[in-house]
Amino acid sequence: MSQLSQRPDAPVVGQRHRHESAAAHVTGTALYTDDLAARLTGVLHAYPVQSTCAHGKILGLDTSAAQQVPGVIRVITAQDIPGVNDQGAKHDEPLLPVDEVMFFGQPVAWVLGEDLEAAKAGAKAVRVDYEPLDSLITIKDAIAAKSFHGIQPEIAKGDPQAAFAQATHVFEGDFEFAGQEHFYLETQNSLALVDESGQIMVHCSTQHPTETQDIVSHVLGIGAHEVTVQVLRMGGGFGGKEMQPHGYAALAALGAVLTGRPVRVRLDRNLDMTMTGKRHGFYATWKIGFDQGGKILALQAQLTADGGWSLDLSEPVLTRAMCHIDNSYWIPNIRVNGRVAKCHKTSQTAFRGFGGPQGMLVMEDILGRVAPQLGLEARELRRRNFYTEGQDTPYYQPVRHPERIDAAWQQVLDSADVARREAEIAQFNTNNHYSKRALAMTPVKFGISFNLTAFNQGGALVLVYKDGSVLVNHGGTEMGQGLHTKMLQVAATALGVPLSKVRIAPTRTDKVPNTSATAASSGSDLNGGAVKDACEQIQARLAAVAAGKLGVPAQDIRFAQGKITALGKRDELEWSEVVREAYMQRIQLSAAGYYRTEGLHWDLARMTGSPFKYFSYGVAASEVEVSSFDGSYVLRRVDIVHDVGDSLSPLVDLGQIEGGFVQGTGWLTLEDLRWDTSDGPGRGRVATQAASTYKIPSFSEMPEVFNVNLLDKAHEEGAVYGSKAVGEPPLMLAFSVREALRQAIAEFGASGRSVPLASPATPEAVFWAIDTVRNPGS
Amino acid sequence: MSAEATQETKCLVTVNGTVREFDGPPHTNALDFLRGQQLIGCKEGCAEGECGACSILVARSDGEGSRWTALNACLLPAASLDGQEIITSEGLGSVADLHPVQEEMANRGGSQCGYCTPGFVCSMAAEYYRPERTGTPAVSAGDGGAHECGPNGFDLHALSGNLCRCTGYRPIRDAAYALGDPAGDDQLAARTQHRAPAPVATDIQRADTPTGALGRFRRPADLDQVLQILAAEPESVLVAGGTDWGVEVNIKGARARSVLAIDRLHELRQIHWNERYLELGSGCTLSELERKLAGKVPLLSALFGQFASRLIRNSASIGGNLGTGSPIGDTPPALLALAAELVLSSIRGNRVVALEDYFTGYRQTVREPGEMITAIRIPLPLAPLTSFQKIAKRRFDDISSVAIGYALTVADGMITEARIGLGGVAATPLRAVATEAMLEGKPWNLETIRAAAHTMGHEGTPMDDHRASADYRKAMLASSLERFYAQQLARRSGAGQEQNS
């Protein structure tokens, strides 16, 4: 057991605690960024002028009428930007366009008003003339036009061509699947004010405060030390607040500088859905070869991510997709090529899983489609191809603990009573003409760490006050995932104090600098390591103080539950007493903690290395019932076994697993993101731009029976207190729902046939798939 | 007409027991009003009544008592709350003293990011205080699965208008099902023993746009006043539940010079049965009808559970659903099948129009300036065989791609009368006349059904949009008869093996 993963006696980690803000949530008193605006006076409200074409040259921008609208204070255009006109990290994403608009709904200018009504009226009065240019809306349009941006990486291992020649079965196909809108309940929000001595204070709903700070400072042309970004909490992030908030924060800051008044930028739902990036849809082509026993011999694939107008995070999303096409399966010979399509849509961005789900979906779709042609149950085909000890990924990283896939698989088979239920399902299907049921199981293997090695570091600042109370600052942000709850538990464990002694402070860039995004499921690993480090520094100093008092060597001092004891001694000191004594002895009671993930290396040019500290595993079994009348379905039962290592906080982890699963199910079944692809005046507009037209799962999509268990004996050496990351991997357990739908659809036709299924598998998509299996060849 | 002198009157709303003053522009919704009062627990997630993050509790009279009714604050004009009592998440409990609903939600992991949580808490509290809530699950056949009750009688569909993006809902369901009964000293429970405050004759007129254009919000005291104002100012917008108008205001920036609140009008809130017909007051909300009809009109019962969400049904009136003239309203297909008639009233008097003659084009009707729908009449006796089928992406809380209402009379195995109402397949709701003709006089069996499927599939002129393709809509029409037949077969056999509703 490593020092990092080892738990002391009576740890607070591992206990079941509710979310640290739960009481504030349920009473409506928890503050979010926009709630602060109500506490300030003189706040200006911002509203954008949105582009009305998908791609066009700006011929003229006339703001004079807007200036005449009562209550309008200022119109902001590209000319007002004192620093760099860029809201991204790639310098391809102007904050405000100078001469060309790149997507329908792109903000061209912003109007600041005394109230929102005035700002809206002002925005309506701004006149923009465009010369429409040709636009590419669909990914296939972009591919046909050879419109790509960024890198075009390749993963290559073994000799796929030779393997195909030897394979018993070779299949080829293609698959286009949709992206996903984040639909965090709290939309993008920033509130900026100019503080004392020109300091810019930005309250922002951001997963990446440091990058928000960087972009605000480069837009304003000032140093990062003049900008502070604070995040109280987010009303959901899911990756949608990793890159996307920066521009709005910069706009708010610019407005505050220009007017001297606080500026609030809050996107309403329509603005948010038409302006911000989404999960990338992909188009994939593939060829796969199997031996006689159904083992994969070779895979060749090309993944094209639908990147939208600017690069944003499309490159790392693409590379993660490529690194996850194997999912849990050993592929000895492989070649995967990737590219990012450039088209005239919102700039697609991070979304829980960050490309991983897209890569894995390609593989799960292939296996689901070809299993009948191989004469195998899809479940058996999957199992036969699991990684085993000693094998490595297509990018040459050894797969550690592959036996956990088998263990989770077996645990689900047992706990979900799969054999008995399959017999019941067969009986049901015999007796029912209009409805069919099916049960499918799929595994998940997900790599934990940022592919970009530099991001794998975290910082913390732990302050112990004279009365023994503890305030923890760390670089991670709270978006509902329970990171702060876990960090409190880590700090209480590391210091050996009760949870009630520890408080968490809002995330601020002036407390912990140069933080990484709270993303890639890494929040607990990185910040937990840093918090633990800071606590241990303080504890070591306190141990020396206590050792002096108890007359023992410092290494014999133990901290637990607010008491300090020495090995072999009956004496017991109170935590607060030792803290007080340390202060009197002029011992520093605060510490900056730091953590970097060891052992990572990644060669982006060759797409080889060990980019991940470890893999998270999980298995799900889902049972669905499908109606042939309309293709509608219900999710009857879901059983999950998921590997979270030794859980830091079981209630929080359970919430992440269930929530991720349902969100993944939404992506694969219900959430139907549409753009206007016509040649009419709305070309390029998001057609599903509201809650009334874009449907996320509601109560009716929750599984009727939902059993989640954590994998036993899952201690992880390489992470804080033996835990594992949990934010993203469970989303991909939802493949089991899609595969169950496919199998249920197959029940309506003759056996042994491949069943293609669109994604999302909406009732309409399922209906047509049933139609196809019932009327093959028509 | 109401007095001009009252125009400067401010609205007074009792929020969490404290009287607060509303003096904003008339179009202001309750959500913005509350947030302006620093009651920030009320959240905006969508501003169109889809997500429930702004849910609040409003005391609504019900017989001699009242019930805490959960509503979307984003759709409620703040002025409509004049004189009323409301409770927000802040008023249910405090961090130091959580309400039982809050306690269960907090302890069971019912909140993650917390943004939707205050709305969930309010919707859950409304169900917690629902007087009929008992320990026996109320599941009635043919209601489209619209009730799903826990061991404590908690109907999960009370939460169908609240969206959560974090939890996957399971812990919220567990919290709901773990609730006990209100304690003896629970003041909000005690409040339900008394009637809600009477409606106040509100009349405010203020600048309602940045350019200073005036807007006026009035709550006339009786129907006669409404008709008088309508005659003089026919462009007045009638607002009952506001679930349509609120969206226009919030999303499309609609403003009206004159808004008339009609949701509390006694004359519009009656339900009468007589020999010839059942008359429903146009101002009855869908929830009230659901409760008061209590399954006596099975086709409507099947519809209620699939009509938007509980939060919307608590606000939306049946008259409003017809008044908007939308081709995708959920009630017209059912009401067309029931051969419903509308009572249109003006100062000139009443006239009765068959619903099938009411719609004339996309959001256009025969309703004349100065006229309003005051009642809906459903002829009796009701056809014995009915089915309501709503095809949508999401099972609940969604807008239909296609909606179909069937009402059939079968005697000695023969179909003697068939009425079929359709929504979502043309610019207006319409009757499937050709299919009706094919069915009448034929035996009620699979052969007849299958023979008519093709005709049914060619009713209307469906189009492609983001909800569904035209082909899918046609296919849904075509498959619906057989589904209806299968439902009836399953119901007769009682086994319920085929549950495809």
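Residues numbered from 1 in each chain as written. Chains lettered and ligands numbered in written order. Predicted model: local features only at pLDDT ≥ 70, side-chain atom pairs only at ≥ 80, totals over all residues. Heavy atoms only, no water.

**Some thoughts on the pattern of salt bridges**
Here is step 1 of the chain: Scanning all chains against the criterion turns up 82 salt bridges over all chains.
Here is step 2 of the chain: Arg636(A) is the partner of Glu623(A) in a salt bridge, and the nearest nitrogen-oxygen pair spans 2.9 Å. Of this pair, Glu623(A) sits in strand β28 (residues 614–627) while Arg636(A) sits in strand β29 (residues 633–642), and the two are 13 residues apart along the sequence.
Here is step 3 of the chain: Here Glu623(A) falls in the buried class, since its relative accessible area comes to 5%.
Here is step 4 of the chain: Across the pair Arg264(B) and Asp263(B) runs a salt bridge whose closest N-O atoms are separated by 3.4 Å.
Here is step 5 of the chain: Among the residues examined, Arg264(B) registers a relative accessible area of 18% and is labelled buried.
Here is step 6 of the chain: Each of Asp34(A), Asp35(A), Arg264(A), Arg266(A), Arg35(B), Lys43(B) and Glu44(B) takes part in a single network of salt bridges with overlapping partners. (Salt bridge = Lys/Arg side-chain N within 4 Å of Asp/Glu carboxyl O. Helix = DSSP H or I, 4+ residues; strand = E, 2+ residues; numbered from the N terminus. Buried < 20%, exposed > 50% of the residue type's maximum accessible area, 1.4 Å probe, protein only.)

**Describing the domain arrangement of chain A**
Residues and elements named next belong to chain A.
Here is step 1 of the chain: Under the domain assignment used here, chain A contains domain 1 (22–29 + 457–596) and domain 2 (398–448 + 613–778).
Here is step 2 of the chain: Domain 1 puts 17 residues into the contact, and the matching count from domain 2 is 18 residues.
Here is step 3 of the chain: Around 1,200 Å² of area is buried between domain 1 and domain 2 when both sides are counted, 56% of it from carbon and sulfur atoms.
Here is step 4 of the chain: The largest per-residue losses of area from domain 1 upon contact with domain 2 belong to Lys486, Ser521 and Asp525, which jointly make up 46% of the total buried on that side.
Here is step 5 of the chain: The interface formed by domain 1 and domain 2 contains one salt bridge. (Domains from an automatic or database assignment. Contact = heavy atoms within 4.5 Å. Buried area = accessible area lost by both parts, 1.4 Å probe.)

**Thoughts on the interface of chain A and chain B**
Here is step 1 of the chain: Facing 87 residues of chain A, the contacting portion of chain B comprises 84 residues.
Here is step 2 of the chain: When chain A packs against chain B, close to 6,600 Å² is buried across both sides, 54% of that on carbon and sulfur atoms.
Here is step 3 of the chain: On the chain A side of the interface with chain B, the three residues burying the most area are Val26(A), Phe629(A) and Phe699(A), jointly 12% of the side's total.
Here is step 4 of the chain: Linking chain A with chain B are eleven salt bridges, by the criterion used here.
Here is step 5 of the chain: A salt bridge links Lys695(A) to Glu50(B), with the shortest nitrogen-to-oxygen separation between them at 2.8 Å.
Here is step 6 of the chain: For the interface between chain A and chain B, the tally reads 35 residue pairs in polar contact (both at pLDDT 80 or more). (Polar contact = N/O pair within 3.5 Å; in protein donor to acceptor, adjacent residues only side chain to side chain.)

**Section: the UniProt feature "domain: Aldehyde oxidase/xanthine dehydrogenase a/b hammerhead" (unreviewed entry) in chain A**
Here is step 1 of the chain: In the numbering adopted here, UniProt assigns the feature "domain: Aldehyde oxidase/xanthine dehydrogenase a/b hammerhead" (unreviewed entry) to residues 27–134 of chain A.
Here is step 2 of the chain: Spanning residues 27–134 of chain A, this segment combines 18% helix with 31% strand, and its end C-alpha atoms are found 51 Å apart. (UniProt positions renumbered as here; feature names shortened; annotations may be inferred.)

**Quick look at the packing of aromatic side chains**
Ring pairs (aromatic) are described by centroid distance and by the angle formed between their planes.
Here is step 1 of the chain: Applying the stated criterion across every chain yields a total of 29 aromatic pairs over all chains.
Here is step 2 of the chain: Ring centres of Trp768(A) and Tyr472(B) lie 6.5 Å apart, and the angle between their planes is 65°; this geometry places the pair in the edge-to-face category. Remark: Tyr472(B) occurs in helix α17 (residues 470–493) and Trp768(A) occurs in helix α20 (residues 763–774); the pair is interchain, linking two chains.
Here is step 3 of the chain: Residue Tyr472(B) is classed as buried on the basis of its relative accessible area, which comes to 3%.
Here is step 4 of the chain: Site record: aromatic cluster; members linked through ring pairs are Phe175(A), Phe177(A), Phe282(A) and Trp667(A).
Here is step 5 of the chain: One cation-aromatic arrangement involves Arg233(A) over Tyr32(A); the distance from NZ or CZ to the ring centre is 5.7 Å.
Here is step 6 of the chain: The positively charged end of Arg437(A) is found above the aromatic ring belonging to Phe428(A), 3.6 Å away from the centroid. (Phe/Tyr/Trp six-rings, centres within 6.5 Å; stacked < 30°, edge-to-face > 60°. Lys NZ or Arg CZ within 6 Å of the ring centre and 35° of its normal.)

**Points about the domain arrangement of chain B**
By a widespread convention, an interface's size corresponds to the accessible area lost as its parts come together.
Residue and element names in this part refer to chain B.
Here is step 1 of the chain: Segmentation of chain B into domains returns domain 1 (12–198), domain 2 (212–266) and domain 3 (269–495).
Here is step 2 of the chain: Distance from the C-alpha centre of domain 2 to the C-alpha centre of domain 3: 27 Å.
Here is step 3 of the chain: Residue-level contacts link 17 residues of domain 2 with 17 residues of domain 3.
Here is step 4 of the chain: Summing both sides of the interface, domain 2 and domain 3 together bury roughly 1,300 Å²; the carbon and sulfur share of this comes to 65%.
Here is step 5 of the chain: Contact with domain 3 buries surface across domain 2, with Leu227, Thr243 and His266 losing the most and accounting together for 32% of the total.
Here is step 6 of the chain: Where domain 2 meets domain 3, there are one salt bridge.
Here is step 7 of the chain: Counting every contact that joins domain 2 to domain 3 gives three residue pairs in polar contact (both at pLDDT 80 or more).
Here is step 8 of the chain: Of the residues belonging to the side of domain 2 that touches domain 3, the class tally is ten nonpolar, four polar and three charged. (Nonpolar A, V, L, I, M, F, W, Y, C, P; charged D, E, K, R; others polar.)

**Some details on the UniProt feature "domain: FAD-binding PCMH-type" (unreviewed entry) in chain B**
Here is step 1 of the chain: As annotated in UniProt, the feature "domain: FAD-binding PCMH-type" (unreviewed entry) corresponds to residues 206–383 of chain B in the numbering used here.
Here is step 2 of the chain: For residues 206–383 of chain B, the end-to-end C-alpha separation is 51 Å, with 30% helix and 26% strand making up the annotated structure.

**Some points on unusual backbone geometry**
Here is step 1 of the chain: At the junction of Ser759(A) and Pro760(A), the peptide bond is cis and its omega measures out at 10° in the coordinates.
Here is step 2 of the chain: Along the chain, Pro760(A) turns up in the loop between α19 (735–746) and α20.
Here is step 3 of the chain: Omega for the bond connecting Leu380(B) with Pro381(B) falls within 30 degrees of zero, at 0°, which places this linkage in the cis form.
Here is step 4 of the chain: The residue Pro381(B) is located in the loop between β16 (372–379) and β17 (385–391) in this model.
Here is step 5 of the chain: A positive phi angle, near 45°, is found at Ala10(A), a position not held by glycine.
Here is step 6 of the chain: Here Ala10(A) lies in the segment before α1 (22–26).
Here is step 7 of the chain: Classification of Ala10(A) as partly exposed rests on a relative accessible area of 43%.
Here is step 8 of the chain: With phi around 55°, His91(A) is a residue other than glycine that occupies positive phi space.

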